[in-house]
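Notes for the structure review
Here are the chains, one letter per residue:
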Amino acid sequence: MKEKELRRSLAVFPMGSVMKLTDLTARQIRYYEDQGLILPERNEGNRRLYSLNDMDRLLEIKDFLSEGFLIADIKREYAKREANKKKSLSDSEVRRLLRAELSHQSGFTTSSHPFRPLH
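One structure accompanies this document, and this report is about it. On a predicted model such as this, the values are computed, not experimentally measured, just so you know.

1. Describing the packing of aromatic side chains
Across all of its chains, the model carries three aromatic pairs by this definition. Pairing Phe64 with Phe69 gives two aromatic rings, centres 4.9 Å apart and planes at 45°, and the pair type is tilted. On the accessibility criterion, Phe64 (11% relative accessible area) is buried. Judged by its relative accessible area of 30%, Phe69 is partly exposed.

2. Describing the environment of Glu41
Topologically, Glu41 is positioned in strand S2 (residues 41–42). Those residues in contact with Glu41 that sit more than four places away from it in its chain are Ser9, Ala11, Arg47, Arg48 and Leu49.

3. Details of the layout of surface pockets
Rolled over the atoms, a probe with the dimensions of a water molecule shows which regions are left empty. In this model, the largest pocket occupies a volume close to 360 Å³. Considering the residues around the largest pocket, the lining is formed by Gly36, Leu37, Ile38, Leu39, Asn53, Asp54, Arg57, Glu60, Tyr78, Arg81, Glu82 and Lys85. For the lining of the largest pocket, the elements supplying multiple residues, two or more each, are helix H4 (52–66) and helix H5 (71–85). Split by residue class, the lining of the largest pocket holds four nonpolar, two polar and six charged.

4. Examining the side chain of Asp54
Tracing the backbone through its elements, the reader meets Asp54 in helix H4. Notably, Asp54 is buried but unbridged: the nearest opposite-charge side chain belongs to Arg57, and the N-O separation is 7.2 Å. When near neighbours in sequence (up to four residues on either side) are disregarded, Asp54 contacts Ile38, Pro40 and Leu49.

Conventions and cut-offs
Residues numbered from 1 in each chain as written. Predicted model: local features only at pLDDT ≥ 70, side-chain atom pairs only at ≥ 80, totals over all residues. Heavy atoms only, no water. Phe/Tyr/Trp six-rings, centres within 6.5 Å; stacked < 30°, edge-to-face > 60°. Buried < 20%, exposed > 50% of the residue type's maximum accessible area, 1.4 Å probe, protein only. Helix = DSSP H or I, 4+ residues; strand = E, 2+ residues; numbered from the N terminus. Contact = heavy atoms within 4.5 Å. 1 Å grid on protein atoms, 1.4 Å probe; cavity = no way out; pocket = protein on both sides within 12 Å on 5 of 7 lines; lining within 4 Å. Points joined across faces, edges and corners; volume = space filled by probe spheres on them. Nonpolar A, V, L, I, M, F, W, Y, C, P; charged D, E, K, R; others polar. Lys, Arg positive; Asp, Glu negative; His and termini not counted. Salt bridge = Lys/Arg side-chain N within 4 Å of Asp/Glu carboxyl O.

Right, here's the structure in full:
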């Protein structure tokens, strides 16, 4: 994970800060959590902590709702996005990608794929 993404995923914001930054109430935020749209981390005292990614998600949910989406529609959208992320590669695709990456890193080309100039 890149450092930027790692920092965006760190849960450091308490509920009060999230409420100010998103203009949502605690009740709304907890409702979205109950619906499985957001999953904040918890500290030792069981208080919710949110990341920048969580806040982006909350603002996106807010936008969806203002556009007339229902919670069920938003759930479907997020499920569809998750499914697209999880599309698995076949074994042959994984091997092909690995060979290409290893060739690229080593600076060598394999004899089965000779260089052919473009005409």
